[in-house]
Amino acid sequence: MTTTELPEKLHEIVEDFRAVPDPERLELLLEFSDELPALPERYAGHQDQMEQVTECQTPLFLAVELEHTVPDAGPTAESIVRLFVSAPPEAPTSRGFASVLSQSLNGLPAREVLAVPEDLSTRLGLQKALTPLRLRGMSAMLGRIKRNIADQLAA
């Protein structure tokens, strides 16, 4: 999948990151950390109902819901992905990547999210700005989202 094959919003975000010099990419990621949507009431304060991404250095939790496009039918590849992430303000890089994922994947059909390449952090050009451990946590976040979707589709 090339950059032009990414979902539209994700493509725009990747292009934004590629348009700035390496040192400014971290700043851009930190700007995204301020834009992470608040959790809906059903998840706020209920991290026990969310999945922890243990590969992240900070306590990061996510929930993935599939909105059915056909009433009274189970989830399909066309089901709409709803993504909810809890990341503490003290972890701005993890929070920033969670915001990138939330802003770019939320509302897409499941099939499009499943097609997002695993090397997203590399496509964003973050390998010089972040440690390998942070990059692994970011990849794990995307991997967990995709695994959640695949599990729901298989159920």
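Residues numbered from 1 in each chain as written. Predicted model: local features only at pLDDT ≥ 70, side-chain atom pairs only at ≥ 80, totals over all residues. Heavy atoms only, no water.

A. Molecular detail of the environment of Ala-87. Within the secondary structure, Ala-87 is located in the loop between strand S3 (80-86) and helix H3 (92-105). For Ala-87, a relative accessible area of 5% puts it in the buried group. Each C-alpha atom of the pair Ala-87 and Ser-33 lies 9.1 Å from the other, and the pair is 54 residues apart in sequence. In contact with Ala-87, other than residues within four places in its own chain, are Leu-36, Pro-59, Leu-60 and Arg-95. (Helix = DSSP H or I, 4+ residues; strand = E, 2+ residues; numbered from the N terminus. Buried < 20%, exposed > 50% of the residue type's maximum accessible area, 1.4 Å probe, protein only. Contact = heavy atoms within 4.5 Å.)

B. Representation of the sheet that holds strand S1 (residues 51-52) in the model. A sheet is described by the order of its strands in space; here three strands give the open sequence S1-S2-S3, paired in antiparallel fashion. Each edge of the open sheet is held by one strand with a lone partner, namely S1 and S3. Note: S1 against strand S2 (residues 61-67), two bridges, orientation antiparallel. Counted as the bridge partner of Glu-51 is Leu-62 from S2. (Pairing = 2+ DSSP bridges.)

C. Seen up close, the pairing of S3. The element S3 is extensively covered by neighbouring structure, given that six of its seven residues are classed as buried. As defined by bridge partners, S2 adjoins S3 across seven bridges and the pair is classed as antiparallel. Paired with Phe-61 across the strands is Ser-86, a residue of S3.

D. Region of the structure containing the environment of Arg-144. In this fold, Arg-144 is placed in helix H6 (residues 132-154). A relative accessible area of 14% places Arg-144 in the buried class. Here the alpha-carbon distance between Arg-144 and Ala-63, two residues 81 residues apart in the chain, equals 9.6 Å. Not counting the four nearest positions on each side in its chain, Arg-144 is found in contact with Glu-51, Gln-52, Val-53, Thr-54, Glu-55 and Leu-62. At 3.2 Å, the side chain of Arg-144 forms a polar contact with the backbone oxygen of Gln-52. (Polar contact = N/O pair within 3.5 Å; in protein donor to acceptor, adjacent residues only side chain to side chain.)

E. Examining the pattern of salt bridges more closely. Here the structure, examined in full by the defined rule, presents 12 salt bridges. The salt bridge involving Lys-146 is made with Glu-118; its shortest N-O contact spans 2.7 Å. Of the two residues, Lys-146 sits in helix H6 while Glu-118 sits in the loop between helix H4 (110-114) and helix H5 (120-123), which places them 28 residues apart along the sequence. By relative accessible area, Lys-146 is classed as buried at 10%. Residue Glu-118 is classed as partly exposed on the basis of its relative accessible area of 47%. Through salt bridges with shared partners, a single network forms among Glu-51, Glu-55, Arg-144, Arg-147 and Asp-151. (Salt bridge = Lys/Arg side-chain N within 4 Å of Asp/Glu carboxyl O.)

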